[in-house]
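Architecture and fold: a report
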Amino acid sequence: MFAQTFIHAGGITEGPASEAHALQLVRRAFRRGHTVDATPEGGAVITWTARRAVLGDVVEQGRSISLTPDTPIGEVTDAVRGYLLTLHTAPSAIPGVMDGRRVIRAGLQVIPAAATSHLFGRRLVVEEGGRVRLTLVARLALLSLLTAAAPEDLAAIAEADGVELPA
């Protein structure tokens, strides 16, 4: 879940936004050519310029939508960053059990039980339909952590269908 803040001509509107709604907003922003910036806590800021006709003149006004996660990602260690990158780049990730403890199998790699518990506990991953995927919060935070992230990377994340991770 996210807290959504929409700055528009009539003022400011605030309210909740589900992960699906937030992803829809990010996708729509890219399709329309708006600026989308990922934030380190796992949110996003979408900005654009609206043009309106006022008394025969065209007036440009800034608009924005801020998506702030209800549970920010917090500090990300190098190990957690590595696990997030593994899950992001793996062709698929599935839940598994090793020595009686829950693990995540991502391609040929296995994320250890303690790290798996940490990722699920911080809501960085979810299990849906027998697969494990990064949440939007984790994907946005990961993107902001990558120093050489290009706009195409965020566009690829936005186009993810919510189950399969973008390559």
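Residues numbered from 1 in each chain as written. Predicted model: local features only at pLDDT ≥ 70, side-chain atom pairs only at ≥ 80, totals over all residues. Heavy atoms only, no water.

A side chain of one charge can pair with a side chain of the opposite charge if their charged atoms are brought near each other. Applying the stated rule across the entire model yields 5 salt bridges. For Glu-19, the salt bridge goes to Arg-133, with nearest N and O atoms at 2.7 Å. With Glu-19 in helix α1 (residues 19–31) and Arg-133 in strand β10 (residues 131–134), the pair connects residues that are 114 residues apart, well separated along the chain. The buried category is assigned to Arg-133, whose relative accessible area is 7%. (Salt bridge = Lys/Arg side-chain N within 4 Å of Asp/Glu carboxyl O. Helix = DSSP H or I, 4+ residues; strand = E, 2+ residues; numbered from the N terminus. Buried < 20%, exposed > 50% of the residue type's maximum accessible area, 1.4 Å probe, protein only.)

A separate point is the nonpolar core. Among the nonpolar cores identified, the biggest contains 37 residues, and Ile-46, Leu-67, Leu-84, Leu-87, Ile-104, Leu-119 and Val-125 are the most heavily contacted of them. If you list the elements that add at least two residues to this core, you get α1, β4 (44–54), β5 (57–69), α2 (78–89), β7 (101–106), α3 (113–121), β10 and α4 (136–145). For this core, the element with the highest residue contribution is α4, accounting for 6 residues. In this structure, Leu-119 is in contact with Val-80, Tyr-83, Leu-84, Leu-87, Ile-104, Ile-111, Leu-124 and Val-125, ignoring residues within four places of it in sequence. (Core = buried A, V, L, I, M, F, W, Y, C linked by side-chain atoms within 4.5 Å. Contact = heavy atoms within 4.5 Å.)

Moving on to the pairing of β5. Sheet analysis places strand β1 (residues 2–8) next to β5, joined by 6 bridges and oriented antiparallel. Bridge assignment links Thr-5 to a residue of β5, and that residue is Ser-66. When β4 meets β5, the two strands line up antiparallel, connected through 11 bridges. Its bridge partner being in β5, Thr-49 is matched across the sheet by Gly-62. Linkage of β4 to β5, two consecutive antiparallel strands, is achieved through a turn of 2 residues, within which Leu-55 is found at a positive phi near 50°. (Pairing = 2+ DSSP bridges.)

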